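Geometric and topological summary
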Amino acid sequence: MTAPRILVADDEPLLRAELVEALERLWPEAQIAAAQDGIEALRQGREWMPDVAFLDIRMPGLDGLEVARVFGARTHVVFVTAYGEHALAAFDEGAVDYVVKPIALERVARAVERVRARLASPPPDLTHLVSRLQPTPKAPAWLQATVGNTIHFIDLADVVYFCADAKYTRVVTDGLEAHIRLSLKELTDSLDPDAFWQIHRGYMVAVRRIASAARAEDGALWVHLRGHPARLPVSQRFQYLFRGM
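Cut-offs and rules
Residues numbered from 1 in each chain as written. Predicted model: local features only at pLDDT ≥ 70, side-chain atom pairs only at ≥ 80, totals over all residues. Heavy atoms only, no water. Helix = DSSP H or I, 4+ residues; strand = E, 2+ residues; numbered from the N terminus. Buried < 20%, exposed > 50% of the residue type's maximum accessible area, 1.4 Å probe, protein only. Contact = heavy atoms within 4.5 Å. Areas by Shrake-Rupley, 256 points an atom, 1.4 Å probe, with all protein chains shown as cover. Phe/Tyr/Trp six-rings, centres within 6.5 Å; stacked < 30°, edge-to-face > 60°. Lys NZ or Arg CZ within 6 Å of the ring centre and 35° of its normal. Core = buried A, V, L, I, M, F, W, Y, C linked by side-chain atoms within 4.5 Å. Pairing = 2+ DSSP bridges. Axes fitted to C-alpha atoms, helices over the stretch in contact; angles between N-to-C directions. Polar contact = N/O pair within 3.5 Å; in protein donor to acceptor, adjacent residues only side chain to side chain. Salt bridge = Lys/Arg side-chain N within 4 Å of Asp/Glu carboxyl O.

With an unreviewed UniProt entry as reference, the protein is termed LytTR family DNA-binding domain-containing protein, source organism Telluria mixta.

Following this line, the structure appears as structure tokens:
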């Protein structure tokens, strides 16, 4: 029998490495590849055609649900998640299994046992499941942000960009810079992805304020803003947003 091919996709390096190591111990004959985000997972999936995919539900670019939708009924999916409500729904409706973060070896072992038992059968089609689980953005209309001892109520329409600042996020408008008591990752999950693009680990920008994106002589990609002097970097993992460049 051909060695099964397993794809692990998670944007958190330590958790990704931990899951790969667990699978190497529990399923030594398997071929294992790893992806750092949904875009890379999709590329590897198309080239490699994995038999099994361990997909983190929350990833930048494309999340695990979107990747599972593309894989369709050709790959057995195990969802990896920190959100129990997603995991339970996936398990109840026919996904092979789920693993909840932080990862426990015994839980991965049970998932491996279940997926081994199902490899001889066609994978379930998760299209309906993914449609149900796909989160619908519920973007707030405004944000509370602080400057010193003052709380400002900022309309999202006035935001130019967000910048990670330790455990907080700095929100920048044309006339104000203030701090929100959320990490950039937490804030990203609550905003409309069509209105705000994360372009770097430390930056998220209002799409309507992007004037242009240009490459510097060293090959780095930078976003120039409409009506604002800031120039924001675009990291490699988010350059797919500017495919025309």
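**As for the overall build of the protein**
Counting secondary structure elements, the protein contains seven helices and 15 strands. Per-residue burial for the protein yields a buried fraction of 44% across its 245 residues. Considering only contacts within the protein whose residues lie at least 6 apart along the sequence, 54% involve residues at least 24 apart. Counting every atom, the protein has about 12,600 Å² of accessible surface; 52% of that belongs to carbon and sulfur.

**Re the packing of aromatic side chains**
Counted by the stated rule, this structure contains four aromatic pairs. Geometrically, the ring pair formed by W142 and F153 is tilted, given 5.3 Å between the ring centres and 50° between the ring planes. With W142 in strand β6 (residues 142-147) and F153 in strand β7 (residues 150-155), this residue pair connects regions lying 11 residues apart in the sequence. W142 gets classed as partly exposed once you look at its relative accessible area, which sits at 45%. Ring geometry for F162 versus F196: centroids 5.6 Å apart, planes at 55°, classification tilted. With F162 in strand β8 (residues 159-165) and F196 in strand β11 (residues 196-200), the pair connects residues that are 34 residues apart, well separated along the chain. The same class applies to F162 and to F196, which are both buried. Sitting over the ring of Y98, R107 keeps its end group 4.9 Å from the ring centre. The side chain of R231 reaches across the aromatic face of W222, ending 3.8 Å from its centre.

**Let's talk about the nonpolar core**
Membership of the largest hydrophobic core comes to 19 residues, with the highest contact counts inside it found for I6, L19, L23, F54 and V108. Here this core takes five residues from helix α1 (residues 13-26), the largest share from any one element. The contacts of I6, once residues within four sequence positions are left out, are L23, W27, A30, Q31, I32, A33, W48, V52 and F54. Among the nonpolar cores identified, the runner-up in size contains 18 residues, and L7, A35, L42 and A68 belong to it.

**Digging into the sheet that holds strand β5 (residues 97-100)**
If you trace the five strands from one edge of the open sheet to the other, you get β2-β1-β3-β4-β5, paired in parallel fashion. Strands with a single pairing partner mark the edges of an open sheet, and in this sheet they are β2 (31-35) and β5. Strand-to-strand, the axes of this sheet are offset by a mean angle of 20°, without reference to chain direction. The pairing of strand β1 (residues 5-9) with β2 spans five bridges and is parallel. Within β2, the residue paired with R5 across the bridge is Q31. Strands in contact with helix α3 (residues 64-71) are β1, β3 (52-56) and β4 (76-81); relative to β3, the strand with the most contacts, it is inclined by about 155°.

**Examining the sheet that holds strand β14 (residues 221-225)**
Sheet architecture is open: three strands sit in the order β13-β14-β15, paired in antiparallel fashion. Looking at which strands have only one partner, the edges of the open sheet turn out to be β13 (210-215) and β15 (231-234). Each neighbouring strand pair of the sheet contributes to a mean axis angle of 30°, computed without reference to strand direction. With four bridges joining them, β14 and β15 adopt antiparallel strand pairing. Bridge pairing in β15 links H224 to R231.

**A short note on the side chain of H228**
For H228, the location among the structural elements is in the loop between β14 and β15. A polar contact of 3.1 Å, which involves the side chain of H228, links it to the backbone nitrogen of A230. Sequence-distant contacts of H228, that is, excluding residues within four places in its chain, are made with V160, Y161, V172, T173, D174 and R209.

**Points about the pattern of salt bridges**
Within this structure, the stated rule accounts for 11 salt bridges. For K185, the salt bridge identified is with D11, shortest N-O distance 4.0 Å. Separated by 174 residues along the polypeptide, K185 in helix α7 (residues 184-190) and D11 in the loop between β1 and α1 bring together distant segments of the chain. Judged by relative accessible area, K185 falls into the partly exposed class, the value being 46%. One salt bridge in this structure joins D174 and R209, with 2.9 Å as the shortest N-O distance. Separated by 35 residues along the polypeptide, D174 in the loop between β9 (168-173) and β10 (177-180) and R209 in the loop between β12 (203-206) and β13 bring together distant segments of the chain.

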